[in-house]
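Examining the three-dimensional arrangement
Each chain, written out:
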Amino acid sequence: MAPVTNGRVLFNSPPTGYPEPGKTTVYDTTQTIDLENVALNGGFLVKTLVLSIDPYMRGRMLAAATKDSYIPPFTLGQPIQGHGVGVVLRSECAGVKAGDHVYGVFSHVEYFIQKNMEGSRLLPNEHKLPWSVYVGAAGMPGATNGLLCWKEYSKAKKGEVAFVTTGGGPVGSLVIQLAKADGMKVIASAGSEEKVKFMKSLGTDVAFNYKTTDTRAVLNKEGPLNVYWDNVGGESLEAAMDAAAIGARFIECGMITGYNEVPYHIKNLMQIVGKCLQISGFLVHFLAEKYEEEFYATIPKKLASGELQYTEEVTRGLDKVGDVMLAVQKGTNKAKAVILVADG
């Protein structure tokens, strides 16, 4: 077989605001790969099937010398990285064989050689979920993130009130379902009527569009809050602090309102003291060892049976990564954003 094109998405230029397709990242087709003869050197050859596009990736679009992010920046001129699922084409690695499906952090390329299984896992997929689900509701961006950190920090009690931001996304929608299972009243916000409808279908008690409804007014009416799941920061965080009960638990998953623009200056931080707020920031990998096996033993089965619900927006083509990345940062995506690179 002749060498084939190995498409890549390269980090081309750090953005000053929102990432720009074709400028911040570029799709490159100059590289080829000989799938039958490329040296594996004890590793295995992977064909990428699906890739996850997530808000946190904006924090990696920085100049190499920048130290303002909790995660290392992408390397200029090299492929960006994110969670993905691929199928093994050839292997010299013990325990990995052709036809296996692997999940981990992938470079955004069509084909790549992985040295070993460190940081990755094989997916038996006995519940026959679409592979795209394993980078969303059944992967880090969704259930892994939500389940691990909800169990660790929420201390949820029946009859309490939770407020979940970006409740139409993979993390927020899972958190809504976990909170309802714990017997909580759930308030949730999202940025479109379509997402509001989805949140209501999950059993959300008070679902609203923050673009057309005053968040502070909703919280003042429906609170006080015992748990706040924060994906946005900014004015929603400020409003949640004012509406919080004494001893409320704030779970800080993300603050996307500050990723691409000058962050909103929160003016009521003294509420942390006055209301004895328990604020927990987290990075999911610190909790993975504690909860990961429980997650994979329970969540895929519940997703397959319909006990847990999810939505996704799948876009075909590695060349569409830049467009989807921008949609995620602006919140115009309709559901969990997934790139379908290849069938399989």
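Now for a description of the structure that goes with this document. (Residues numbered from 1 in each chain as written. Predicted model: local features only at pLDDT ≥ 70, side-chain atom pairs only at ≥ 80, totals over all residues. Heavy atoms only, no water.)

Focus: the state of the cysteines
On inspection of all chains with the given rule, the structure shows 0 disulfides. With no disulfide partner, C149 has as its closest neighbouring cysteine sulfur the one in C253, 6.7 Å distant. (Disulfide = S-S within 2.5 Å.)

A short note on empty space enclosed by the protein
A full pass over the atoms with the stated rule returns 2 cavities of 30 Å³ or more. If you add up the space inside the largest cavity, you get close to 60 Å³. Taken together, 13 residues line the largest cavity, and the ones lying closest to its centre are A137, P170, Y310, T311 and K336. A class-by-class count of the residues in the lining of the largest cavity yields 5 nonpolar, 6 polar and 2 charged. By volume, the second largest cavity amounts to about 30 Å³. Top contributing element to the lining of the second largest cavity by residue count: helix α2 (residues 170–181), with 3 residues. Class assignment for the residues of the lining of the second largest cavity results in 5 nonpolar, 2 polar and no charged. (1 Å grid on protein atoms, 1.4 Å probe; cavity = no way out; pocket = protein on both sides within 12 Å on 5 of 7 lines; lining within 4 Å. Points joined across faces, edges and corners; volume = space filled by probe spheres on them. Nonpolar A, V, L, I, M, F, W, Y, C, P; charged D, E, K, R; others polar. Helix = DSSP H or I, 4+ residues; strand = E, 2+ residues; numbered from the N terminus.)

A word on helix α4 (residues 215–222)
Listed as buried for α4 are T215, V218, L219 and E222. In a view along the axis of α4, the buried residues occupy a sector of 95°, so they form one face of it. Within α4, the exposed residues directed more than 90 degrees away from the buried face are N220 and K221. Looking at the buried side of α4, the elements it contacts are β10 (161–164), β11 (185–190), β12 (206–209), β13 (225–230) and α5 (234–243). A distance of 3.3 Å separates the backbone nitrogen of R216 from a side-chain oxygen at the start of α4, and that oxygen is part of D214. (Buried < 20%, exposed > 50% of the residue type's maximum accessible area, 1.4 Å probe, protein only. Arc of directions from axis to C-beta. Contact = heavy atoms within 4.5 Å. Polar contact = N/O pair within 3.5 Å; in protein donor to acceptor, adjacent residues only side chain to side chain.)

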